[in-house]
Amino acid sequence: MSVSFNIAADLDAALQAAALAAGIDGADVFAPEVRTADPRNGDFQSNGVLGYAKARKLNPRAVAEKLVVALAPGVRDRCDVTIAGPGFINFTLKPATLLAWLRAFDSEDHLRAGAAAAHAGQTWVVDYSSPNTAKQMHVGHLRSAVIGEAICRMLAFTGARVIRDNHLGDWGTQFGKLIYGFKRWADPAALAADPIEELERVYKLGHAATPDDSPELNEARAELVKLQNGDPENFALWKKFSDVSLAAFQQIYDRLGIAFDHCLGESFYNDKLDRVYRELTETVPPIAEVSEGALVVFHLEHPRFKTQPFLIRKGDGASNYGSTDLATALYRAEHFRADGIVVVTDFRQGDHFEQLFLTVKKWFAAKKYRLPELHHVTFGAVTGEDGKALKTRDGGVIKLKALLDEAVDRAFAIVSEKNPELSELERREIARTVGLGAVQYADLSQNRSSNYVFSWEKMLALDGNTAPYLLYAVARIHSIFRKLEIAPSDVSTESIASMLETPAELSLARKLTKFPDGLRLATESLRPHFLSLYLYELAGEFSAFYTADKVAVDELPVRARRLLLCARTLVTLETGLHLLGLRTVTRM
RNA sequence: GGACCUGUAGCUCAAUUGGAUAGAGCACUUGGCUUCGAACCAAGGGGUCGGGGGUUCAAGUCCCUCCAGGUCCGCCA
């Protein structure tokens, strides 16, 4: 039996064909709207008949009846079809169909091959993390990095060529003060020991020593002008700041499984800004205009941006983030030939990116440049359990490194308590995976647009929608295969599998076939929590199956089919968790 | 003043982007290990989906309007 990756799409096409075959009025515009159903109603449901029948004053159940009769015979062979309620068409996959799907999609590679149609041939640039150089990454940098990486992996899995671009904040007025402070107070020993720490220290000194309207501030500005004019000494300093910062960032990225293809920061676009100014002012009518000395864009069609300007060059002629972000959009469209651009930042930059995208659309239209899809992926704040911004006990900023260390330490304590017989080395390794995974997963498992309450206790809990719960399911499945001395990937043991039969077997198998749906939802909406939710529900189905039906039974055909379910659950959980950026364990 | 986000069980969050009886975890009550990892599973109680109007065969979801919290609005990003 041949079965396709996305069964819902298949059924949708089948119903469309049935509409044509039945010769119903307006069959060419009929949209079946097949989607996954509540399990109580079946595997998939078609909702399209209701709206269609209503618009033509027909009886929806009669229309549904016609369609079901006209369905190609193959559909009835693969699933039970019923009409329910006011005119829903329900499809319940037969056990043989479930088994056929599970046999077809038996590895991460086969799942990927099935999923790759969604973005095949497309190039997507994802801009995430994007910290400022010469500063520590802190807790506020976590969400962009974690969400951005998950989005990259999902896009790549669904067929896209993904370019990971770290848009560093490596240019701007703060470097005048930093150089000013560095030249006076930098301590070589401290710099060697912890460069970022030392840079932050001298920046603070530089900032404090250059109050507004002071002669010292003018000196700091002079350092900035020298840097911007290519002064060798200042440029060398700036380069050093960038290098040590990137090296420090990379230590964090390594722990989170992140590897950027490019780190094209703001400085990279310095020589690309004049073109932006020129092209935005040379159109007729011009897109940008001078207002109060600055170059700005108003969007007259917009209720707010008709009076709230988008600043693209400062009054003193200097660039700002509006300038560089415009140049960045052009570079990504021209140089990378991007079909889509995703920028992952917190929601407070919403106005900026709305204005940016409006401007880019007008600009590209005027110059006849190909316009990529533009997405600003926003997320809410990370707060403590009191609802306020997350701080250390003394009110300071929590460094990302310290936060990740604590996650691993806490996980180590839990693993050591639950599984003291494992070697310390193995417990350390497990703690890394579980601790970091818990932090990542806590961020990914909830809708990114709401604020996120940071709670060690909740993210490290073994119950509920957490990384430890999912990893526990993974570990238990590995444990079964270990005990039976079979490799999960060894498909040959499955050849004698008998037909799926028990309620728990069928329920788990049905959930497994919904992986395409969870992945599609998460990828289309750029919201990884849809994939998390699916994985959590899958792990739940597995735990119920594990309790209800023993795998290692004496009847070999029964054992084989249950092992098949275990192997597929394992592949799906591991694939899904890897897509979210987590590592997995074989025991914990 | 304008705009955006959020508001769902006591608490933390979901709800396939308009579908059928709004679901999980925590907490509370009860049951299940001489059997593959009980870090688990099964069952129970718990709801004016912030309030009110509207659109629709169908609204937690869309529109309007209030209320509450958060955020942004010219030379930071």
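It should be emphasised that the depicted structure is a prediction, and the values quoted were computed from it without experimental measurement. (Residues numbered from 1 in each chain as written. Chains lettered and ligands numbered in written order. Predicted model: local features only at pLDDT ≥ 70, side-chain atom pairs only at ≥ 80, totals over all residues. Heavy atoms only, no water.)

A. Representation of the overall build of chain A. For chain A, the helix and strand inventory stands at 23 helices and 13 strands. In terms of principal-axis extent, the alpha carbons of chain A reach across some 85 × 70 × 40 Å. Within chain A, the fraction of its 588 residues that count as buried is 51%. Put simply, of all contacts in chain A between residues at least 6 apart along the chain, 72% involve residues at least 24 apart. (Helix = DSSP H or I, 4+ residues; strand = E, 2+ residues; numbered from the N terminus. Buried < 20%, exposed > 50% of the residue type's maximum accessible area, 1.4 Å probe, protein only. Contact = heavy atoms within 4.5 Å.)

B. Molecular detail of the sheet that holds strand β4 (residues 88–93). The antiparallel open sheet is built from four strands, whose spatial order is β1-β2-β4-β3. Strands at the two margins of the open sheet, each flanked by one partner only, are β1 (34–36) and β3 (79–84). Within this sheet the neighbouring strands show an average axis-to-axis angle of 25 degrees, counted without direction. Bridge count for β1 against strand β2 (residues 44–46) is three bridges, and the pairing is antiparallel. Bridge pairing in β2 places T36 opposite F44. (Pairing = 2+ DSSP bridges. Axes fitted to C-alpha atoms, helices over the stretch in contact; angles between N-to-C directions.)

C. Here's a closer look at the sheet that holds strand β9 (residues 310–313). Pairing is antiparallel in the open sheet, where three strands are placed in the order β7-β8-β9. Single-partner strands in this sheet number two, and they are β7 (289–291) and β9. When strand polarity is set aside, the average angle formed by the axes of neighbouring strands in this sheet is 50 degrees. Where strand β8 (residues 294–297) and β9 come together, three bridges link them in antiparallel fashion. Of the residues in β9, the one forming a bridge with L295 is R313.

D. A look at the pairing of β4. Where β2 lies against β4, three bridges are found, and the strand directions are antiparallel. Each bridged residue has a counterpart across the sheet, and for F44 the counterpart in β4 is F91. Across six bridges, β3 lies against β4 in antiparallel orientation. Bridging from a neighbouring strand, C79 pairs with L93 of β4. Connecting the antiparallel pair β3 and β4 is a turn made up of three residues, with G85 showing a positive phi of about 55 degrees.

E. View of the packing of aromatic side chains. Counted under the stated rule, the structure contains 23 aromatic pairs. Here the aromatic rings of F268 and Y331 are separated by 5.0 Å at their centres, their planes lie at 75 degrees, and the arrangement is edge-to-face. In this pair, F268 sits in the loop between α12 (232–256) and α13 (273–282) while Y331 sits in helix α14 (residues 321–334), placing the two residues 63 residues apart along the sequence. Of the residues examined, Y331 reaches a relative accessible area of 16% and is grouped as buried. (Phe/Tyr/Trp six-rings, centres within 6.5 Å; stacked < 30°, edge-to-face > 60°.)

F. Fine view of the nonpolar core. L67, I89, F91, L403, M459, F515 and L573 are the most contacted members of the largest nonpolar core, which has 132 residues in total. Membership of the second largest hydrophobic core comes to 31 residues, among which are Y277, A288, F336 and A338. (Core = buried A, V, L, I, M, F, W, Y, C linked by side-chain atoms within 4.5 Å.)

G. Main features of helix α2 (residues 48–55). All of the buried residues in α2 are G48, V49, Y52 and A53. End-on view of α2: buried residues confined to an arc of 115 degrees, all on one side of the axis. Seen from the buried face of α2, the exposed residues on the opposite side, beyond 90 degrees, are K54 and A55. If you follow the buried residues of α2, they end up packed against β2, α3 (60–70) and β4. Immediately downstream of α2, the backbone of K57 shows phi near 55 degrees, a positive value. (Arc of directions from axis to C-beta.)

H. Quick look at the protein's contact with RNA strand B. R35, K54, E266, R304 and Y321 are the nearest of the 65 residues found near RNA strand B. Those atoms of RNA strand B that come within 4 Å of the protein belong to sugar or phosphate at a rate of 60%. Between RNA strand B and H529, the relevant distance is 2.6 Å, taken from a phosphate oxygen to a side-chain nitrogen or oxygen of the residue. Among the elements of the structure, β1, α2, β4, α19 (467–484), α21 (515–525) and α22 (529–548) are those that each provide at least two residues to the surface near RNA strand B. When residues of the surface near RNA strand B are assigned to their parent elements, the largest contribution, eight residues, is made by α22. (Near = heavy atom within 4 Å. Polar contact = N/O pair within 3.5 Å; in protein donor to acceptor, adjacent residues only side chain to side chain.)

I. A look at the packing of helix α17 (residues 424–444) against α19. Running from N to C, α17 and α19 cross one another at 130 degrees; their axes reach a closest spacing of 8 Å. In terms of axis orientation, α17 runs oblique to α19. Two secondary-structure elements touch here, α17 through T433, V434, G437, A438 and Y441 and α19 through A467, P468, L470 and L471. Grouping the amino acids of the contact of α17 with α19 by side-chain chemistry returns seven nonpolar, two polar and no charged. (Parallel < 35°, antiparallel > 145°, perpendicular 65-115°, else oblique. Nonpolar A, V, L, I, M, F, W, Y, C, P; charged D, E, K, R; others polar.)

J. Highlighting unusual backbone geometry. V284 connects to P285 through a cis peptide bond whose omega is -5 degrees. Its location among the elements puts P285 in the loop between α13 and β7. Not every positive phi belongs to a glycine, and E292 is a case in point at roughly 50 degrees. Mapped onto the fold, E292 is located in the loop between β7 and β8. Non-glycine residue L526 carries a positive phi angle of around 55 degrees.

K. Highlighting the pattern of salt bridges. Applying the stated rule across the entire model yields 39 salt bridges. Across the pair R164 and E149 runs a salt bridge whose closest N-O atoms are separated by 3.1 Å. Taken together, the positions of R164 in strand β6 (residues 161–165) and E149 in helix α7 (residues 142–157) put the pair 15 residues apart, joining distant regions of the chain. The two residues R164 and E149 agree in class, both being buried. As a salt-bridge pair, E334 and R275 come within 2.7 Å of each other at their nearest N and O atoms. A residue pair is termed long-range when its members are at least 10 positions apart, and E334 in helix α14 and R275 in helix α13 qualify at 59 residues. Given the relative accessible area of 40%, E334 is considered partly exposed. (Salt bridge = Lys/Arg side-chain N within 4 Å of Asp/Glu carboxyl O.)

L. Here's a closer look at α3. Within the sequence span of α3, burial applies to V63, A64, L67 and V68. One side of α3 holds all its buried residues, which, seen down the axis, span an arc of 135 degrees. Facing away from the buried side of α3, by more than 90 degrees, are the exposed residues K66 and V69. Against α1 (7–22), α2, α4 (73–78), β3 and β4 lie the buried residues of α3. A distance of 2.9 Å separates the backbone nitrogen of R61 from a side-chain oxygen at the start of α3, and that oxygen is part of N59.

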